[in-house]
Amino acid sequence: MKKKYSYLFFDLDNTLWDYDANSYEALKKVLEKLDIIKYVGNYSQLYSVYHSMNEQLWIQYRENKITKEEMRVGRFEMLLEANGTPMKGIGEAMNEAYLKEMPLQSKLVDGAREVLDYLQGKYCMAIITNGFIELQSGKIEESGLKKYFEKVFISESIGTQKPDSLIFEHAIQSINASEDSILMIGDSWETDVKGAMKMGIDQIFYKPTLQGEFSESKIIEFQPGMSFGSFETNTGCHFDKKSSTRIIFHLKQLIEIL
Ligand SMILES: [Mg+2]
C-alpha cells in the first residue's frame, strides 16, 4: 500500500537542476569571457579537477573550516594552480563571472519538469538546498522551477546546512507539517538522506549512476549494510525504524512511489 505524503522536500542541485552539466558550461563561458581558456589546455580535464576540488571545498565550508569568500574565490586560483597554469589574483574576477553565468544555465535533470508537472497540485512542494542565496534563487528563477514550489529554504539564509537538523526543523515548522507526512528527495547520501533520516522523514535517494544496474521499474528498499556497484550504504549511518529509505535512478520513478 502506498504511503500517503502531503509534502515533498526536494534538493535542488543535481536532483532537479542539472548542476554537473550547468556548471560545466558556466565555467567554460567564464574562461572564454576572461579570454583565458587558451591558456588552460584541455577544458574537460580542467573541469573534472574543478568538480572534485569544489566538492572537497564544500565539505570544508559545511564544517566551518573555511569561509564563504575562501570557498568562492580560492577555488578558482587553486584550480588554475593545480592545472599548472597559475594566475594570481584572477579568483575574484572568475568568481564574479561564474556567479553571473551559473544561474543563466537552465538545464534540468532528465524527467524533472515532467515529474514536477505531474506532482503539482497533488502535493505541497518545497526546495531545501545548500548554497548561497543569490545563486540558488537565480537558478530556481531562470530555470522556471519557481512556479512548482510553495517554499524555498536556502542554507545561507537559514544559517545552517543539510544534514544539520536545524534546517529541516525550520522547514517543518514553516509548513506546519508532521514528519511522517513529508518525503525528502535528493541525490546526496550525506546531506539529503542522512539529514532527513535523523528527523524521521522518509527519503528517496536519487542515484542516476545506478542506471543500467537495475531494470527500469526497480525501486530499492534500503537495508543497513547494502552495497551495489561502487556504492555502500553503511558509512556512519544510523538506521532506525522511524523512516524508510528508497533508491531510484530516474526521477520518473517518483510517480510510481507517489
Ligand atoms: Mg544535490
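**Student:** Tell me about the overall build of the protein, and name the residues and values.
**Tutor:** Per the secondary structure count, the protein includes 10 helices and 9 strands. In terms of overall size, the protein behaves like a compact globule, its C-alpha atoms giving a radius of gyration of 19 Å where 258 residues would be expected to give roughly 18 Å. Its C-alpha atoms put the protein at 60 × 35 × 35 Å along the principal axes. Going through the 258 residues of the protein one by one, you find that 34% of them count as buried. Sequence separation of 24 or more characterises 68% of the internal contacts of the protein that already satisfy a separation of 6 or more.

**Student:** Give a description of the packing of helix H2 (residues 43-62) against helix H3 (residues 68-82) that names residues and reports values.
**Tutor:** Running from N to C, H2 and H3 point in directions that differ by 145 degrees, and their axes come no closer than 10 Å. As H2 packs across H3, the resulting crossing turns out to be right-handed. Between H2, through Val 49, Tyr 50, Met 53, Asn 54, Leu 57 and Tyr 61, and H3, the contact on the second element is made entirely by Met 71, Arg 75, Met 78, Leu 79 and Ala 82.

**Student:** Lay out the sheet that holds strand E4 (residues 182-186) with the relevant residues and their values.
**Tutor:** Pairing in this open sheet of 7 strands is mixed, and the strands run E3-E2-E1-E4-E5-E9-E6 from one edge to the other. Since the sheet does not close on itself, it has two edges, and those belong to strand E3 (151-154) and strand E6 (220-221), each with one partner. Across 4 bridges, the pairing between strand E5 (residues 202-206) and strand E9 (residues 245-248) is parallel. Within E9, the position partnered with Ile 204 by the bridge is Arg 246.

**Student:** Now, about the nonpolar core: what can you tell me, with residues and values included?
**Tutor:** The nonpolar side chains of a soluble globular protein tend to be buried, and buried together. Ranked by internal contacts, the top residues of the largest apolar core, which has 44 residues, are Phe 9, Leu 16, Ala 126, Ile 127, Ala 171 and Ile 185. Once residues lying within four places of it in the same chain are set aside, the contact partners of Ile 127 are Phe 10, Leu 12, Ile 140, Phe 149, Val 152 and Phe 153. Counting 12 residues, the second-largest nonpolar core is a separate cluster that includes Leu 27, Val 30, Met 94 and Tyr 98.

**Student:** Could you give an account of helix H4 (residues 91-101), with specific residues and numbers?
**Tutor:** Taken together, the buried positions of H4 are occupied by Gly 91, Met 94 and Tyr 98. Looking straight down H4, one finds that the buried residues subtend no more than 65 degrees of arc, so they occupy a single side. Tucked inside the fold, the buried residues of H4 contact helix H1 (19-33) and H3.

**Student:** Lay out the domain arrangement of the protein in plain terms, naming residues and giving numbers.
**Tutor:** When cut into domains, the protein gives domain 1 (7-18 + 108-257) and domain 2 (19-104). Of note, the centres of domain 1 and domain 2, computed from C-alpha atoms alone, are 26 Å apart. At the junction of the two partners, domain 1 supplies 9 residues and domain 2 supplies 9 residues. The residue inventory of the side of domain 1 that touches domain 2, partitioned by class, reads 2 nonpolar, 3 polar and 4 charged.

**Student:** Hey, could you go over the environment of Asn 22 for me, with residue numbers and the actual values?
**Tutor:** The topology assignment puts Asn 22 in helix H1. On a C-alpha basis, the gap between Asn 22 and Leu 104 in space is 8.8 Å, while along the polypeptide they are 82 residues apart. The contacts of Asn 22, once residues within four sequence positions are left out, are Trp 17, Met 102, Gln 105 and Lys 107.

**Student:** Explain the environment of Phe 249 to me, using residue names and the numbers behind them.
**Tutor:** Inspection of the secondary structure puts Phe 249 in the loop between E9 and helix H10 (253-257). Since 20 C-beta atoms lie within 10 Å of it, Phe 249 is described here as buried. For Phe 249 and Asp 187, which are 62 residues apart along the polypeptide, the C-alpha to C-alpha distance reads 9.6 Å.

**Student:** Just give me the short version of the pairing of strand E2 (residues 124-129), but keep the residues and values in it.
**Tutor:** For strand E1 (residues 7-10) and E2, the ladder comprises 4 bridges, and the chain directions are parallel. Across the sheet, residue Phe 9 finds its bridge partner in E2, namely Ala 126. With 4 bridges joining them, E2 and E3 adopt parallel strand pairing. Within E3, the position partnered with Ile 128 by the bridge is Phe 153.

**Student:** Tell me what's going on with the pairing of E5, and back it up with residues and numbers.
**Tutor:** Of all the 5 residues making up E5, 5 are buried; the element is thus mostly covered by neighbouring parts of the structure. Residues of E5 alternate between two faces, with Asp 202, Ile 204 and Tyr 206 on one and Gln 203 and Phe 205 on the opposite face, all of them buried. In this fold, the crossover linking E4 to E5 by way of helix H9 (residues 189-198) has right-handed handedness.

Cut-offs used in this document
Residues numbered from 1 in each chain as written. Predicted model: local features only at pLDDT ≥ 70, side-chain atom pairs only at ≥ 80, totals over all residues. Helix = DSSP H or I, 4+ residues; strand = E, 2+ residues; numbered from the N terminus. Rg over C-alpha atoms; globule rule 2.2 N^0.38 Å. Buried ≥ 20, exposed ≤ 12 C-beta atoms within 10 Å, placed from the backbone. Contact = placed C-beta atoms within 7 Å. Axes fitted to C-alpha atoms, helices over the stretch in contact; angles between N-to-C directions. Left-handed = near helix turned anticlockwise from the far one by under 90°. Pairing = 2+ DSSP bridges. Core = buried A, V, L, I, M, F, W, Y, C linked by C-beta atoms within 7 Å. Arc of directions from axis to C-beta. Domains from an automatic or database assignment. Nonpolar A, V, L, I, M, F, W, Y, C, P; charged D, E, K, R; others polar. Right-handed = clockwise from strand over helix to strand, strands pointing away.

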